[in-house]
Each structure stands twice: as C-alpha cells, then as structure tokens.
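# Summary of the model geometry
One letter stands for each residue in the lines below.
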Amino acid sequence: MSVIFEKRDLEPHERKEVDALYEKGAWLWDRPGPPITREDKKKINRETMKQVLAFGDKLIDGTAVADRLKFDSSSLWYYHKFRAYFRLRNLRYEAHALREYAKKSNENIYYYTDDRLLGGMEFPENVSIYGPAGKNKSRRNCFSLFNYFTILLSRSILNLFSGRKFSKPEHIILDVTKRQTFLDMDTLEIKKGNYVLGYMIEQAGNDFLILDEAVQPKLTDGAKIKLSKDHLFGKGKRKGRYFGEPVLLKYFASATLRKRRKELGNRLNSELQLIGNACTGEEKTLSDIYRSFQGATRFYLIKYLAYKKFFSKHKYKTISSVDENSPAIRCILDAARVNGIHTIGIQHGSIHDLHPAYVYTPSDKSRNAFPDHTLVWGEFWKELLVKNGHYGPEQLTVSGQIRTDIIPVLLARPFEKQYVVPELKSHEKLIVFASQPQRDPGLRKRAALDIMQAVKEMPDAFLLVKLHPNERYDTAYYKNIAGEAGLERIRITLDPDLYLLISVCDVLVTCFSTVGAETIYFKKPLVILDHLRQDIQGYHREGVALRACNKDELKDHLTGLLSGKTGIDQTAYESFIARYAFAIDGKASERALNVIERLNDL
C-alpha cells in the first residue's frame, strides 16, 4: 500500500505515475501534511536556534562561516539569519512529521512538494520526495515595481526643490516604520505616522535629521504598494526631514558602484557555494537557504553601497533606528559605521531567547553583529541581551518605551467605549485580540479560531481583531476563520489606535506580542494563547497574564475576568512595569534623545 501527499499541482508525467499508483490501491492524504505534536515543535524550535547560531561559527578551511561572508566590516550572515532560522525551522517541522509518520507505517510514501529544499533533508527509505522540475517561476510584482519607481522620482524631485539642508544636523533618525495611527500628544486626535518613534521625532531638535524611506516592494509579493500621499510626499511636515530614495537612485547612475556590487555579489556567491560543498545534511540545507536569498542580497548590497557613498560625503555623529537588525535597516547602519558614524538601535518590540535578530554567540560581538549602542525599555531587556545576545553591558542603556509617553495623558482624559468601537452595544464587553503574523501557519489559525469560538459562546461579548501592521492585507483571512467559527459580533481592522483600544477594552488576548506588555501598562486584564506552553515573553511566569492552551481554557479565563470573579495582581503589575518598562511617566522620548546626544562624547 502507498500513501500520496499532493502539496502542489502535478506535472502531466507525474499525474500519470500517481494515477497508476491509485489503480494499484494507493490512497491520497487530502490534508496539508502529517501532524506534528506541540512538544516536537518546541524541541525543534530550540534545536534549530542552536543549529543556526553554531553554523555562523562553523569553521570552513579554518575560517568561520560568518567571516567568509564578510564584505568591508559587515557580514551577509547577519542579514539573512532571521529569515534562515524560520525557513529551516519550518522545513524541520515538515521533515520530522514525515519521518514520524514513516516510522509508524510500512507504506511507501510519495510526497509531492513545491519546496525544493525539502528534498535535501534526510528521510527513511520508504519516503520519496518529489520537487518541481526546472526553476521556480515567480511572477514579478510589476504593479508595485512601477509605483515604487514613481515614488522614487517624486521624492527625488521634492529633495531637489525643497531646499532641505542635510549637512547641518549632527544626528540621524531613520523613519522607515509603516505608517500607523497614533494619538496627538496635545489634542488626543488620531493621526498617522511613526507609531514607534513618533513622539521622539516630534521632540527632536534642529540637530536631528529625519531620514524618511517609503516601503520597498517585494518584487514577487502579491501585496500592492499604492501611490498614497504619504509614499509620494513623505510621512510628515517636519522641516528636518530628508528622503532616502534619491540616495538609491544615485547608485544606478554610478558605474563604479554597480561594478563594486557585482564584485561583492560574485564573491559572496562563491563563498556560499564553497560553504555548501563543505557541508552535509541540514547544514547543507542552511547554506542552500542563503543561496535562495540571492535577489534580496543583491538589493541590500545596492543600498549598502549607495548609503556608504552618501555618508562619505555627509558626516554625522550618530544614526538611530528601530528594527536595527533587519537587513533593510542593517545595510544603512553598516554603511554609516564604516564611515565612522555611531550606530544606535532602539528597542521596538519584545525580545526573547528564540528571537534570531537578537540572539548571538560570543564570537559575534567582534564581528559588528549589532549596533554600537542600543536603547532598551527596562532592566529585564538589558539583562536578556547581555545573557542571551552576548551584548556588552556598556552597549546598552535603559530609557523606557517611547510609545508609552502618551499613556499618562490618555489615562487623565479617558474615552467612551462607543467612541472607539461604534458597533459595540451598551451591554457588551469588549474583547480585543491582538493578532500576529506567526511563522507557523497552524498555530496562527489555531489562535484565531480559539478566540473566535470562545467569544461565540459568550453572548454578551464583542470581539475586535486588531491586525498587526504586517497583516494589513489579511482581513479576508480572519473573516474566513470567523465564518468557520460562526461568529458574527466581530470587527477585523487595522485602523483604531492600539493604545486607544487598550484603554477602553475589558480584556486583551494575544499570543506573545509586545501588545501584552502594553496592556499591563494600562492595568488591563491580559490572557495569552500559548498552545506550546512556551510562555515566550514570560507574561504568565511574571504573574501578569492568565495562560490558555486551548479554546475551553480561554473561555474560562474570559468568563472569569468579565464577571469579576478573576482579577489582576496589582503588585505583579507594578513590579513588571518597573522591570520591563522603567517607568510610564511620559519622559521616554526625552531620555532617549538625551542618551543619543551624550553619545557624542564617546
């Protein structure tokens, strides 16, 4: 007997072969793939992190992989480490499930997948993996590409005629965050801007230049980049704002830079091929993952070289940014550092020991793996980065969370629930689910389905799904799950200001989002959906969140909180705030700016 998994459309010759197997009694497994237990997933998560970290230090002919992938004082290893971890982890999920299924069955397994890399994993003899023939055929996102070049031209023209001076300021703040709603500090009116650094940018003086970049398209992504006012004309009216896109355009006008990019790209490709030839098993798969990011590598090298030339002509003392370890930001910071500019990262989300962007080895510290300095929210995050990230204590400063500067103002002038959520009936309780684009599609759907099914069984509850910014195009995804759950009293949206929602909600539910910590700052009840019992952010361990591992536990917690039978631990909340956020006093922006200006003397 044989089992067939069809995870892609089969080629004509493959269809004939499979049909022949059916005639002999083979049967089709019509689900996505064999199941994998949550304990196995937890184990694979940990093992994969250790494996990825160790691979960067792996010696190939006496030289570590991270050092083989160096260009100037940077390393391509760190540019793709985040994506590579999740890519390998998900491959290991799939491979493990197949192996376990094969152990329990004497059947021959035919697995037709669109993922070529899965074929490089090791399987028992009764498992056959069939990947697609030829090269992947991905359609270029021409619509977004055309719009992006229109944005480049618009911003270049504005830079030419705006009269903005970018040589006078001493410091740069990168404004590359997707625009989102946040509250005006004076009027509490909703506006759009940088919801992470907005208050800091508003307080920054004339010695700060705001370097504004539009969202850059993924050339094969289905998401559309629109010709919005913000994209065409910038994210704010601040005088000290300069567009970064013209810096990229100058790259294409320079034969020298284009030649240099080609040289770097060829050398890095050669090194990746050498590394792959020296590896076997999952290490070989990891090197293949890096080679699959060739298009992204090319773009990051273009940005790096363009900004390197820019910073060689315009000297600054510091450059600061959130998301500082993502490749789109890292290439700018690396270009600044090679020109003697002090680089500063600003914490923008929760950090944990399975976060590839913040977990490094002791050897990484000498390889410019992270910025020269990093501002963190509280002592807990500082200790975590020293212990698990191998940051130096002298590289870290506690300044608080900038986004929270509005909280004292908001608590002093509270809003009515119906003002924020007009659909809410007077007798209904408001439950907010802060979603996340989880890398595990099974857990992502399980979380959404659990919260929707639980609320469906609570007649006096209304659910608002607050979409993560990276899920702005996923409304239909959650609507489909709501339909599956039979839930009608629901709103799925990106727009309402997050803090405004937290201030009026009766309880907030999330998995491991930073939103959980922000809920605590408002002294609101928090429930985490933790199907793998990992408590990644430590909310449950710290006594500031109830943990639910399934729909029934979630419903019990929600019912208890909304009825008043269960309450929050005020002492635990106060302790959490002091340790994780320093203080909710409205002065985090002021402290951050003071630290940046003091770094001049280093």
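### A few points about the overall build of the chain
Scanning the chain from N- to C-terminus turns up 22 helices and 23 strands. Against the 2.2 N^0.38 benchmark of 25 Å for 602 residues, the chain shows a C-alpha radius of gyration of 25 Å, consistent with a compact globule. Referenced to the eigenvectors of the C-alpha coordinate spread, the extents of the chain come out at roughly 75 × 70 × 45 Å. In the chain, buried positions account for 55% of the 602 residues. When contacts within the chain are restricted to residue pairs at least 6 apart in sequence, those whose partners lie at least 24 apart make up 74%. Accessible surface, the chain as shown: approximately 26,800 Å² in total, 51% of it carbon and sulfur. In the chain, 94 positive and 76 negative side-chain charges are present, and the distance between their average locations comes to 5 Å.

### Details of the side chain of R547
Summarising the element assignment, R547 is placed in strand 23 (residues 546-548). Leave out the neighbours within four places in its chain, and R547 touches I528, D530, R533, Q534, D535, H540, E553 and H557.

### Notes on the packing of helix 8 (residues 245-252) against helix 11 (residues 294-313)
At a minimum axis separation of 9 Å, helix 8 and helix 11 run at an interaxial angle of 100°. Our classification of the angle between helix 8 and helix 11 gives roughly perpendicular. From helix 8, V247, L248 and Y251 reach across to helix 11, where they touch I302, K303, A306, Y307 and F310. Here the contact of helix 8 with helix 11 is composed, by residue class, of seven nonpolar, no polar and one charged.

### Focus: unusual backbone geometry
Backbone geometry places D323, a non-glycine residue, at a positive phi of 55°. Along the chain, D323 turns up in the loop between strand 14 (318-322) and helix 12 (327-337). Of note, the phi angle at D535 is positive, near 45°, even though the residue is not glycine. Within the secondary structure, D535 is located in the loop between strand 22 (526-529) and strand 23.

The rules behind the values
Residues numbered from 1 in each chain as written. Predicted model: local features only at pLDDT ≥ 70, side-chain atom pairs only at ≥ 80, totals over all residues. Heavy atoms only, no water. Helix = DSSP H or I, 4+ residues; strand = E, 2+ residues; numbered from the N terminus. Rg over C-alpha atoms; globule rule 2.2 N^0.38 Å. Buried < 20%, exposed > 50% of the residue type's maximum accessible area, 1.4 Å probe, protein only. Contact = heavy atoms within 4.5 Å. Areas by Shrake-Rupley, 256 points an atom, 1.4 Å probe, with all protein chains shown as cover. Lys, Arg positive; Asp, Glu negative; His and termini not counted. Charge placed at Lys NZ, Arg CZ, Asp CG, Glu CD. Axes fitted to C-alpha atoms, helices over the stretch in contact; angles between N-to-C directions. Parallel < 35°, antiparallel > 145°, perpendicular 65-115°, else oblique. Nonpolar A, V, L, I, M, F, W, Y, C, P; charged D, E, K, R; others polar.

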